[in-house]
Amino acid sequence: MTAFDLTAAVGGIPGALCAWGLFVLGTGLFGFVMGRRLRFLRAGRADPRFGDMGARLRALLVYGIFQKRQPRYPAAGIIHIMIFSGFLVLGLRSVDLITQGLGIPVLRPLLSAGFGAFYASLKDLFALIVIVACGWAVFRRAVVKPVRFQGSRQWEAYFVLFLIAFLMASDIVFEASGHLLAGPDSANYGWLPATTIGMAILENVKEGGLSATRHLSYWLHLAAFYLLLNFLPMGKHFHVITALPNVFLKKEKKGRIKPVRWDVADLEEIEKFGISRLEDFTWKHLLDLYTCTECGRCSDNCPAHAVGRPLSPKMITLRLRDEAYRQNPALPFIAPLPACGPVVGNVVTPAQIWSCTTCGACEEECPVFIEYIDKIVDMRRHLIESAGNPKGFNQVLMSMEKNGNPLGKPAVKRADWVTSLGDVPPIKILKPGDKVDLLYYVDSYPAYDPGLQFIARAVVQGLDAAGADFGILGGREKDSGHQVRRIGEEGLFQLLVEENMAALGGVSFNRIVTTDPHAFNTLKNDYPENLPVLHYAQFFWPLIENGTLVPSLPVSSRDVYTYHDPCYLGRHNGVYDAPRRILGAIPQLRLVEMKRCGDRSFCCGGGDVVLWHEIAEEETRMAVARLRMALDVGATAIVTACPFCYMHFEDAIKTEGFADRIRVVDLMQLLVESLGRRPRGGA
């Protein structure tokens, strides 16, 4: 790559002076705008994000540099990877052109040596790739028009795509005109596909025209570069700058809810719970607002959005970002507008907040790791504190506080299921000081709900078949508090944690086994002391694998089964294989997969606020939508490993008249059948 001669003046002004003027103006304005944007972040609450640097660097490499999540949407992913890779490759070129103009060509020695020929070919190839990707992106937005792009600022996208393509084209013209001016000396310039095309276009231009073209393309390239640089922090394309930091600073542990305040441990010292102003978000959650790419993948995978609830994760982020930009404009001559009032009710509505199931589909799909669940829960905390919660919660929360369960049942009856179902094997109800290998944590609904007790019974039958040394806490066990924390009642959650930890601390055990993914998740991720907790699928699969348990009896051969991944077992905790391997070990069981499975599973709608609050604004129930997905693949039985999924599917089957087409079964129910211990209860 030949160096650029700046001897020619631009409009009578020395070229070097023009280059320095552009540099000072462009970088000065960029620094000023970034300073104002950073000032807003500093106004946010504390948020510790610098632990486990090794894991963060790996995430940055895998998800930031290598863009692991982008191909989940193949067409859009390929386009983005093409443009992003072009930015990485051509960044060196932009620095070279700028420093040449400034008269400090620090990269010239590197690019004039052996590496220069290789880089010239690579840069040339990527210039073409980026132009093609920009054209492809424009076609998708203008012609294909994916639904998930609705609500995005299309004009910004077109403008930035034009600037990126223009940068590539101007560099090609600059390089091609330089080679033509060099004449025969440039014959051995190597493999430069883009430059070759440019030379073919300019081959009939005379020397004076080529020189003018070369100078013009250089200055236009620099002007476009500085224009793009300063446009990025103004709107949606700020993510070009903030995406890599946001990935690096991503949440360390999925399934965990942030505390009310990271910098205040004692709840009694906190004057105000939740979010009422933008500044009540943590600085990382404010960075999320800057980082949204407006790709719409979050809303495209949100089950609440899919069934017509008034929730679009993307639009929540965009509204919050718009309010942030409104209150904190990038340029000083734009007077900041006063805050619109509390965020909840003015920017985000209560209906949107309560529509969320905290299933995690939005966060699993986001390529830049924007966090939604913690923001939703923080806004719910504000509603709970200000008595803005659905009225149906009040009785449930009172029952939870008084009796330790949401059903209002007395604690002394928590272990009645042990005898009410007849032939349950003997179960040890632990007293303080007792020792067992396994503590079976039943949780509230499998203990009290007659329609779900058979699942607890099946787990006990499996433990007995495995010869496990286990026991339960009985009346000393309280609800895990999973739903309580996720509806925003932090004080009550901490009370349940304190009571449960006291009960757990009074007995000796090696591991905890749970019935419910929600209890599994909150004991594992929200409770202190890193409790050694397993969902029953995680416990039983290794026993099957090592031959301790042998499922030998076939289950119903007339059924075609499909497995539904519970959100808090799958997406939040990564347990996908164990349930499927258990099903695969059962003789003659025919298993098919739904289109939305694994980390793209579709929430049943249960296990969160819907348990205690009916969502009025929806076109169809999530459980019904999920059952239709199962029917679409020819399933006649849907298997789940979550009592709340079971409950919601069973109700949807009855209300929609699906009883002659599909049934719901629990995974443990099938396993004990195959072990020869036919369970009683369930479908």
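Residues numbered from 1 in each chain as written. Predicted model: local features only at pLDDT ≥ 70, side-chain atom pairs only at ≥ 80, totals over all residues. Heavy atoms only, no water.

Draft legend 1. Spotlight on the environment of Pro 332. By the element assignment, Pro 332 lies in the loop between helix 13 (313-327) and helix 14 (343-346). Each C-alpha atom of the pair Pro 332 and Val 33 lies 9.3 Å from the other, and the pair is 299 residues apart in sequence. (Helix = DSSP H or I, 4+ residues; strand = E, 2+ residues; numbered from the N terminus.)

Draft legend 2. Representation of the sheet that holds strand 9 (residues 663-666) in the model. Taken together, the 4 strands give an open sheet; going across it, the order is 7-6-8-9, and neighbouring strands pair in parallel fashion. Each having just a single partner strand, strand 7 (591-592) and strand 9 make up the two edges of the open sheet. The pairing of strand 8 (residues 637-640) with strand 9 spans 4 bridges and is parallel. Each bridged residue has a counterpart across the sheet, and for Ala 637 the counterpart in strand 9 is Arg 663. In the packing of helix 29 (residues 667-674) onto the sheet, the strands contacted are strand 6 (561-563), strand 8 and strand 9, and the crossing angle to strand 9 comes to about 70°. (Pairing = 2+ DSSP bridges. Contact = heavy atoms within 4.5 Å. Axes fitted to C-alpha atoms, helices over the stretch in contact; angles between N-to-C directions.)

Draft legend 3. Focus on the packing of helix 5 (residues 114-144) against helix 7 (residues 193-202). Where helix 5 contacts helix 7, the two axes come as close as 6 Å, and the packing angle between them is 75°. What the angle tells us is that helix 5 and helix 7 run roughly perpendicular. Across the interface between the two elements, Asp 124, Leu 125 and Leu 128 from helix 5 touch Pro 193, Ala 194, Thr 195 and Ile 197 from helix 7. Here the residues of the contact of helix 5 with helix 7 are counted per class, giving 5 nonpolar, 1 polar and 1 charged. (Parallel < 35°, antiparallel > 145°, perpendicular 65-115°, else oblique. Nonpolar A, V, L, I, M, F, W, Y, C, P; charged D, E, K, R; others polar.)

Draft legend 4. The pairing of strand 2 (residues 438-441), seen in detail. Every second residue of strand 2 is oriented toward a common face, with Leu 438 and Tyr 440 on one face and Leu 439 and Tyr 441 on the other, all of them buried. As paired elements, strand 2 and strand 3 (residues 470-472) share 2 bridges and run parallel to each other. Pairing of Leu 439 across the sheet is with Gly 471, part of strand 3. Pairing of strand 2 with strand 4 (residues 511-514) involves 4 bridges; the strand directions are parallel. When the sheet's bridge partners are listed, Leu 438 is paired in strand 4 with Arg 511. (Buried < 20%, exposed > 50% of the residue type's maximum accessible area, 1.4 Å probe, protein only.)

Draft legend 5. Geometry of the packing of helix 21 (residues 453-465) against helix 29. With their axes 9 Å apart at the nearest point, helix 21 and helix 29 run at an angle of 45° to one another. Classified by the angle their axes make, helix 21 and helix 29 are oblique. For helix 21 against helix 29, the interelement crossing comes out left-handed. Residues Phe 454, Ala 458, Val 459, Gln 461 and Gly 462 of helix 21 touch helix 29, and the partners they reach there are Met 668, Gln 669 and Val 672. When its residues are assigned to classes, the contact of helix 21 with helix 29 shows 5 nonpolar, 3 polar and no charged. (Left-handed = near helix turned anticlockwise from the far one by under 90°.)

Draft legend 6. How the structure looks around a nonpolar patch on the surface. On the surface, a cluster of nonpolar side chains totalling about 440 Å² of accessible area is made up of Leu 61, Val 62, Ile 65, Phe 66 and Leu 88. When residues in the nonpolar patch are grouped by element, the largest group, 3 residues, is from helix 2 (residues 53-65). Mapped onto the secondary structure, Ile 65 falls in helix 2. Ile 65 sits in the partly exposed class, given a relative accessible area of 31%. (Patch = residues over 30% accessible without salt bridge, like charges linked within 9 Å, V, L, I, M, F, W, Y side chains within 5 Å. Areas by Shrake-Rupley, 256 points an atom, 1.4 Å probe, with all protein chains shown as cover. Salt bridge = Lys/Arg side-chain N within 4 Å of Asp/Glu carboxyl O.)

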